[in-house]
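As a plain string of letters, each chain reads:
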Amino acid sequence: MKSQKEEERLCLQLCQSVSQRNSRWIQRTICGLKEIRSAAILLHQPHHQGNMAFTGKYEFEGDENYDDFVKKIGLPGDKIEMGRNCKIVTEVVQNGNDFTWTQHFPGGRTTTNTFTIGKEADMETMGGKKFKATVKMEDGKIVADFPNYHHTAEICGGKLVETSTASGVVYKRTSKRIA
């Protein structure tokens, strides 16, 4: 029997693979269910959802490779400790190609990045470093190159899934929709 974490991972992989093929309906076994007759599940795909695909409030649910990733990007020890299992709340407001992406950290610290897809914008890293970047939309994913890592964000199964890659180390943070 598969653990809940393994089932969630498999569901996310399935969702991502279906999203990459631009398929909207699945009629087969999903997430450990043995038989589904005439099952049809509409996947939440940002590139098919219009102006409000990312809009919502999301709470940290889990992550993978946090320590390896933050060490790789050179985050200081005090910030590494503060961020470990941190219940970040991410608020996204999307109006067409215009985004306001706010992260609320415990203790009152807030980071807000405002950007328009395809236009250069002033941004801030998770470590507080300011920089300029052009955010793109690729296959329903928000894509940005930060100073020392590549970042993507997508909605998969109603969850905000963010993936950051630095020198081959991949960090993945999943947040559940709370509003």
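Everything below is about the structure printed above this text.
Below or above, wherever it landed, is the structure these notes cover. (Residues numbered from 1 in each chain as written. Predicted model: local features only at pLDDT ≥ 70, side-chain atom pairs only at ≥ 80, totals over all residues. Heavy atoms only, no water.)

## As for the overall build of the chain
Applied cut-off: Numbering of helices and strands runs from the N terminus; a helix is a DSSP stretch of H or I covering at least four residues, while a strand is a stretch of E covering at least two. Summary of the burial criterion: residues with accessible area below 20% of their type's maximum are buried, those above 50% are exposed, and those between are partly exposed, where the area comes from a 1.4 Å probe applied to protein chains only. Here, two residues are considered to be in contact whenever any of their heavy atoms come within 4.5 Å of each other. A 1.4 Å probe and the Shrake-Rupley method give the accessible areas. Residues count as covered only by the protein chains that appear here.
Per the secondary structure count, the chain includes 3 helices and 11 strands. Counting every position in the chain, which comprises 179 residues, the buried fraction comes to 39%. Counted over contacts in the chain with a minimum sequence separation of 6, partners at least 24 positions apart contribute 42%. Entry remark: accessible area of the chain is about 10,200 Å², with carbon and sulfur atoms responsible for 49%.

## Examining the layout of surface pockets
Filter applied, for reference: Cavities and pockets were defined on a 1 Å grid built over protein atoms only: a cavity is a set of grid points that admits a 1.4 Å probe from which the probe cannot escape, a pocket is an open set flanked by protein on both sides within 12 Å along at least five of seven lines, and lining residues are those with an atom within 4 Å of any such point. Grid points are joined across faces, edges and corners, and a volume is the space filled by probe spheres set on the points.
Taken as a whole, the second largest pocket spans an internal volume of roughly 280 Å³. For the second largest pocket, the lining is made up of 17 residues, of which Lys79, Met82, Gly83, Cys86 and Phe105 are closest to its centre. Among the secondary structure elements, those contributing two or more residues to the lining of the second largest pocket are strand S1 (56-64), helix H3 (77-83) and strand S11 (169-177). Here the element with the most residues in the lining of the second largest pocket is H3; it accounts for 3 residues.

Coordinates in, geometry out; function isn't part of it.
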